[in-house]
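Here are the chains, one letter per residue:
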Amino acid sequence: MSSKRFCSIWAITVLAGIVAIVGSSLWLDHYALFGDPKGKVRKVYRSERTSKYLHSFRYVPSNFDGLLLGASISANWDTSRLKSARVYNASILGANFFEEALIADNALSAGRIHWVIACVHPYLTNTHGRKSEYMTPEEYRSALGSLNLFIEEAAKLLTDHGLMTGRYNEYGAYDYTGDPDFEKTHGSQSDPNAVRRAMQVYIDQRIKSGKPEAQFSISPGALDDLRGIFATATQHGAKVLVVYPPIYSFRFEVERADWEAYWSTLATVIPPEATVLNFNLPPYDVGRADITNFHDSRHLSKKYAVYLVSELDRFLAEH
Amino acid sequence: MLFTSFEYLFVFLPLLVCVFLALRRLGFDAASRYWLLLASLGFYASDGWLNLPYLVLSIVLNAWLGAKIVHCADPKMKRQFLSFGLVANIGLLIVIKYRVLLLGPFGFTSAGSVAVPSGISFFTLVQVMYLTDCYEGLAKPNTAINHALFVSFFPYVMMGPLVRTRDVQSLLAPQDARAAALDDIAPGIEQICVGLFKKTVFAQSFVFFVDTGWGQNRPLTFVEAWITTIAFAFELYFDFSGYSDMAVGAARLLGVKLPANFDSPYKCKSVIEFWRRWHITLSNFITTYMYTPLLRARKKPTFSWAMCATVFSMAVAGLWHGAQWTFLIFGILHGVALAINHLWRKTKRRIPSALGWTLTFAFVASSLVLFRAPDMGRALKMYNGLLGAGAVLGLDREAFLGGSVTLVRVVVALVGVVVCFFAPNSNTIAKSFESSGRRALIGAVLFVIALVFMNSLSAKEFIYREF
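Residues numbered from 1 in each chain as written. Chains lettered and ligands numbered in written order. Predicted model: local features only at pLDDT ≥ 70, side-chain atom pairs only at ≥ 80, totals over all residues. Heavy atoms only, no water.

Caption draft 1: View of the packing of aromatic side chains. Residue and element names in this part refer to chain B. Overall, the coordinates contain 64 aromatic pairs over all chains when judged by the stated rule. Measuring from ring centre to ring centre gives 5.5 Å for Phe12 and Phe43, while their planes differ by 40°; the resulting arrangement is tilted. Of this pair, Phe12 sits in helix 1 (residues 6-25) while Phe43 sits in helix 2 (residues 29-45), and the two are 31 residues apart along the sequence. Classification of Phe12 by relative accessible area gives buried; the value is 14%. Above the plane of the ring of Trp320 lies Lys97, whose end atom (NZ or CZ) is 5.7 Å from the centre. (Phe/Tyr/Trp six-rings, centres within 6.5 Å; stacked < 30°, edge-to-face > 60°. Helix = DSSP H or I, 4+ residues; strand = E, 2+ residues; numbered from the N terminus. Buried < 20%, exposed > 50% of the residue type's maximum accessible area, 1.4 Å probe, protein only. Lys NZ or Arg CZ within 6 Å of the ring centre and 35° of its normal.)

Caption draft 2: The nonpolar core, seen in detail. Ranked by size, the top nonpolar core spans 142 residues in total, and within it Phe153, Phe154 and Tyr266 of chain B carry the most contacts. Counting residues in each nonpolar core, the second largest holds 57 residues, with Leu33, Ala95, Leu149 and Tyr262 of chain A among its members. (Core = buried A, V, L, I, M, F, W, Y, C linked by side-chain atoms within 4.5 Å.)

Caption draft 3: The packing of helix 10 (residues 222-253) of chain B against helix 15 (residues 353-367) of chain B, seen in detail. All names here are of chain B. The N-to-C vectors of helix 10 and helix 15 enclose an angle of 90°; their axes lie 8 Å apart at closest approach. The orientation of helix 10 with respect to helix 15, classified from their angle, is roughly perpendicular. Here Trp226, Thr229, Ile230, Ala233 and Phe234 of helix 10 lie close against helix 15, whose contacting residues are Phe361, Ala362, Ala365 and Ser366. When the residues that make up the contact of helix 10 with helix 15 are grouped by side-chain class, the tally is seven nonpolar, two polar and no charged. (Axes fitted to C-alpha atoms, helices over the stretch in contact; angles between N-to-C directions. Parallel < 35°, antiparallel > 145°, perpendicular 65-115°, else oblique. Contact = heavy atoms within 4.5 Å. Nonpolar A, V, L, I, M, F, W, Y, C, P; charged D, E, K, R; others polar.)

Caption draft 4: Local environment of the layout of surface pockets. All names here are of chain B. Considered as a void within the structure, the second largest pocket measures approximately 930 Å³ in volume. Around the second largest pocket, the lining comprises 35 residues; the ones closest to its centre are Leu86, Val128, Phe285, Tyr289 and Met290. Of all the secondary-structure elements, those providing two or more residues to the lining of the second largest pocket are helix 4 (75-97), helix 5 (99-103), helix 6 (120-135), helix 12 (280-296), helix 13 (303-320) and helix 14 (325-347). By residue number, the principal contributor to the lining of the second largest pocket is helix 12, which donates nine residues. Tallied by class, the residues present in the lining of the second largest pocket amount to 26 nonpolar, four polar and five charged. (1 Å grid on protein atoms, 1.4 Å probe; cavity = no way out; pocket = protein on both sides within 12 Å on 5 of 7 lines; lining within 4 Å. Points joined across faces, edges and corners; volume = space filled by probe spheres on them.)

Caption draft 5: Structural context of the interface of chain B and chain A. Listed per partner, the contact involves 33 residues of chain B and 26 residues of chain A. Taken together, the links from chain B to chain A amount to zero salt bridges. Run the count over chain B and chain A and you get five residue pairs in polar contact (both at pLDDT 80 or more). Going through the elements one at a time, helix 1, helix 9 (185-215), helix 19 (406-422) and helix 21 (437-454) of chain B are the ones with two or more residues in the side of chain B that touches chain A. Residue contributions to the side of chain B that touches chain A peak at eleven residues, all from helix 21 of chain B. Residue composition of the side of chain B that touches chain A, grouped by class: 19 nonpolar, nine polar and five charged. (Salt bridge = Lys/Arg side-chain N within 4 Å of Asp/Glu carboxyl O. Polar contact = N/O pair within 3.5 Å; in protein donor to acceptor, adjacent residues only side chain to side chain.)

Caption draft 6: Up close: the pattern of salt bridges. The full count for this structure, using the stated rule, is 23 salt bridges over all chains. Of the charged contacts in the structure, one is a salt bridge between Lys302 of chain A and Asp175 of chain A, with a shortest N-O distance of 2.9 Å. Taken together, the residues span a long stretch of sequence, with Lys302 of chain A in helix 13 (residues 302-318) and Asp175 of chain A in the loop between helix 7 (147-160) and helix 8 (180-186) at a distance of 127 residues. We note a salt bridge from Asp29 of chain B to Arg33 of chain B, for which the minimum N-O separation is 2.5 Å. Here Asp29 of chain B pairs with Arg33 of chain B, and both are found in helix 2, just four residues apart, close to one helical turn.

Now the structure itself:
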């Protein structure tokens, strides 16, 4: 066989392979990036960071009018229960505001998002910068055919056929109750006594050390990230709602001074036109004192998250 | 620009080859070399324009020195030109690359503020070989343009293979119009496909385990330490040999046959054999330009003198990789291992092949801890794990086996291990090349799979880029 023929066969096969992979990726449009995203239903299956980042380009601005930013604390706030607005829960496990800003910038740039709800917790402001190799502009290209995409597609297929449990809905909310992956690191909520014991250990350690938890230290970069999110929201005509999630009351009493200092620092970056909803104020004391409302020292139980979302809904309707 | 980037594979390389072939076909031989030089300098500058002055300075100086050495009639002067050239080249390398290591202990912390130009370790050695070959009458002096092309040729300027002028005659000597025919394109393409697959599929699959192991703050268990260490040995092999294959393949597209850099080193049953098959062009350089002159420094070299020369040469080879004590110790360790190996051979006793292989692989893999460790402290921690100083069993399954793509990585890594030990290596594949439809299809499939892996995350740097 001539070298010319070798090259032709090689080039045609490569071209056919690329066309097949890119073509099927365009056709399946896993992240609603290529066709008309309006009315499409897209969920997270495996890679939360990649999926939520890519959803933020077209899926979110075309199908939602609000965005909930946060980390695992707000991940199980099922925003599909909100009646006053269609809010996409862009919370990411282990995220900080640098990563959430990447999503916010994409989603807000279309100018169709009316609400930006920021669930602010020390975990998100303790660090600044990228926490993984995901959520880069190259990920957009990866939606045209990559290992991650194929794994996501396989997970979708397994979930659709009941062979795998889907834990995210099309609003981006993640139901971690009973998820072995989540409970491996955060414990199970099935035994409230265990949660109480874990909380007590945390409180005892806090009293013994006499120092605030390291998470309370705020990264200057994180404040800039948050300031940037608020500025982008305002620039695109979106209202800003800052939410301070509820803290178990006994823990809160031990750390009251730390929390108040934290909020006063945060107040310096919150724009005057923004609204603050603090779930640690007296009207919410009863719920915060109930250990069954918590999954561990900081995450909320499913039933408390449902209650919280109903409060959020009432608030959004009023504003 | 990385060999594993889309812009290289789909824009730079095809454009370069097409224009080059067109110029050659039209009989513009000189123009085709100017084109290659321009593209090579552009390729080098794509890593940072500020690197270019170092390369240009090195080219101009050595082209001039090469001519002086060859045309000088006085042997004493000739030797002085060579000495000046060697001191200038090695001196520049030391000043730029090792200033922090040398001046750091004396408090000159600002010494590290100047960036190290890409590929300086490689092109400096190429220049040293050129000057020495000129001195010994093994090479004719290059014209300025030819020398610039010889040194900056894009397939090897960054990370080798280390070449001598005689290796790349087809690049430098005038060619007739038909010389660069399509015949070289097919094997070149195949070699690029193999190299790209090795780097993006195999090497990247081991990266996960390596990064996980080295990323742990706690002491690793014996099992975890060995998984991390062996994974790095395979990552380094697939990374660098994949790069070398791509370099050899790219040069072949232009009708230039570069020397091979690897020959299944992990199949070796002794350290002596290992160094004949690992980073071959560097081993050759060390043997020819360091070990042999050291040996000749004595009229009657003894065995112990030869072993001292071995340890010294290997220590320098280790240090060549970077300005860190870990590299120096890596070199000394291998030098001592080579000396022991030679001593063992003198006894004429034989050990079973399986034992020889196990000892060699375990030694090489564990010595590479020094290659990966950011400092001696971290290296010692890893050695604690390798020696079972802490827990022996136990594997953090969440860290090592968690994550959505891990299963794929595990399977691919295991396939990589099998390929490394049982499949024909790149040299065998290249030597047995035949232009057939089956091989074109296999090459294309490897290329497409590699593209999918390449597109999965941002392209990773080659490990040797740091050296």
